[in-house]
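What follows is the residue order along each chain.
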Amino acid sequence: MSDAHASAAPVPGPWFGWRRLRVVGIAAFVASLPMSANWLSSYWLLLLRLLMVGLAALFVFGLFERWPRRLPAWFPRWGLQVASVAAVMPVAAALTYAFTTPHDVHWWAVKSRMEGFSFIAFMGLLVGPWIAMSALYRQISGQVRTQALAFELERSRYERNALDARLRLLQAQVEPHFLFNTLANVRELVDAGSPQASSVLGSLIAYLRAAVPRLHEPGGTVAQELDLVRAYLSVMHMRMPDRLQWSVDAEAGAMLVACPPTSVLTLVENAVRHGIDPAEEGGRIDVRATVRGEECRLQVIDTGVGLSGATLDGTGLSNLRERLQLAFGDAARLTLGAVHPHGTSAELVLPARPPVP
């Protein structure tokens, strides 16, 4: 890399910010204490001279923090700032004595004033560069922390986008799974020549017209989900009126709780397909929604054939568990249990909070 290659200057801090002025004031006060014992003039004059030297060092520190805008790659800006602070100390001390000494007196010709100048210049050369280095360290540390927070915020945003994309992918998998199962039920009626096929198909069309748009929504409520469940169970009841009875009961407090689309519908469809359909005498499905403290409990209880491998390991339930994990983490859970004397209870527990707008 060529020496002429330039590197951009870092973001400068406030030139005469309160923190920097405070450091100059404290340093001047501390340096004045050992000098005040042998100081012949006013203590306030001593403190004034030390402050003027400190402000001059602060001026050049801020100047080379901003100028030149670009430096050769081999010459770091912090080195220029520290060197400039060290170089300005004797010059600033001489100018301070020149401005604070009567014009008819040559301060360098007076031994006491020359000793004071020498001590101020020495203290400046000894302490000034270290103060500059500590200021640079604090500034760099602050910029690093700010950059780390910005990176963390950006990483969180990318992770959230990835989760949203994953949820949409899982949602897309739900749509054909649900539609194919429902259309298969209608085909069975058509193949059997059932007179109910036409009415069931009409009900299904009306249901899908309302349900399919919601399948694409990223979020929903328990009220919307239970509307889908009622429509679905109405269609299934028309398909097997003598073998399926159902009810939906929900507390008012549960209706506005955030609920992933088709989550309860997946449990109900699972109950119909793996519980009621295989049972020779059919059965009943009860859907309940309650709120207990910080949790909303959604139960789907059927009196079908009971738990089986298909019930536990089906695509719909696996998909639902992953969607719950992505949307709520450990705050949501899905459990399955047996119902006496036969049947299955599926309970979905969600945090009782409204959907994110």
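Shown above is the structure to which this text applies.
Cut-offs and rules
Residues numbered from 1 in each chain as written. Predicted model: local features only at pLDDT ≥ 70, side-chain atom pairs only at ≥ 80, totals over all residues. Heavy atoms only, no water. Pairing = 2+ DSSP bridges. Helix = DSSP H or I, 4+ residues; strand = E, 2+ residues; numbered from the N terminus. Disulfide = S-S within 2.5 Å. Core = buried A, V, L, I, M, F, W, Y, C linked by side-chain atoms within 4.5 Å. Buried < 20%, exposed > 50% of the residue type's maximum accessible area, 1.4 Å probe, protein only. Patch = residues over 30% accessible without salt bridge, like charges linked within 9 Å, V, L, I, M, F, W, Y side chains within 5 Å. Areas by Shrake-Rupley, 256 points an atom, 1.4 Å probe, with all protein chains shown as cover. Salt bridge = Lys/Arg side-chain N within 4 Å of Asp/Glu carboxyl O. Lys, Arg positive; Asp, Glu negative; His and termini not counted. Charge placed at Lys NZ, Arg CZ, Asp CG, Glu CD. Axes fitted to C-alpha atoms, helices over the stretch in contact; angles between N-to-C directions. Parallel < 35°, antiparallel > 145°, perpendicular 65-115°, else oblique. Left-handed = near helix turned anticlockwise from the far one by under 90°. Contact = heavy atoms within 4.5 Å. Nonpolar A, V, L, I, M, F, W, Y, C, P; charged D, E, K, R; others polar. Phe/Tyr/Trp six-rings, centres within 6.5 Å; stacked < 30°, edge-to-face > 60°.

A. Local environment of the pairing of strand β6 (residues 333-338). Pairing of β6 with strand β7 (residues 344-351) involves six bridges; the strand directions are antiparallel. Note on β7: the bridge partner recorded for L336 is A346. Connecting β6 to the antiparallel partner β7 that follows it, the hairpin turn spans five residues, and G343 within it adopts a positive phi of roughly 130 degrees.

B. Here's a closer look at the state of the cysteines. One pass over the structure, following the stated rule, counts zero disulfides. With no disulfide partner, C296 has as its closest neighbouring cysteine sulfur the one in C259, 7.5 Å distant.

C. Main features of the nonpolar core. V264, I285, V287 and L298 are the most contacted members of the largest nonpolar core, which has 40 residues in total. V82, V88, Y97 and I120 belong to the second largest nonpolar core, which has 28 residues in total.

D. Region of the structure containing the pairing of strand β5 (residues 295-302). Strand direction decides the pairing type here: strand β4 (residues 283-292) and β5, joined by eight bridges, are antiparallel. The partner of V291 across the bridge, within β5, is C296. The turn linking β4 back onto β5 is made up of two residues, and G293 within it adopts a positive phi angle of 65 degrees. Pairing of β5 with β7, which is carried by eight bridges, proceeds in the antiparallel orientation. For I301, the partnering residue across the bridge sits in β7 and is S345.

E. Region of the structure containing a positive patch on the surface. Together, R19, R22, R138 and R145 line one region of the surface with positive charge. The set of elements that each furnish at least two residues to the positive patch consists of α1 (18-36) and α4 (111-191). With respect to the helices and strands, R138 occurs in helix α4. A residue is classified by how much of its surface remains accessible, and R138, at 39% relative accessible area, is partly exposed.

F. Looking closely at the packing of α1 against helix α2 (residues 43-66). Where α1 meets α2, the axes come as close as 9 Å, and the angle between the chain directions of the two elements is 140 degrees. Compared by their axis directions, α1 and α2 come out oblique. The element α1 and its partner α2 pack so that their crossing is right-handed. Two secondary-structure elements touch here, α1 through R20, L21, V24, G25, A28, F29, A31, S32, M35 and S36 and α2 through Y43, L46, L47, L50, L51, G54, L55, L58, F61 and E65. Looking at side-chain class alone, the contact of α1 with α2 contains 14 nonpolar, four polar and two charged residues.

G. A look at the packing of aromatic side chains. In total, this model carries seven aromatic pairs according to the counting rule given. Between F64 and W67 the ring centres are 6.0 Å apart and the planes differ by 45 degrees, which places this aromatic pair in the tilted class. Taking relative accessible area as the criterion, F64 reaches 17% and is therefore assigned buried. Classification of W67 as exposed rests on a relative accessible area of 52%. On the numbers, 6.3 Å between centres and 90 degrees between planes, the contact of Y97 with F117 is edge-to-face.

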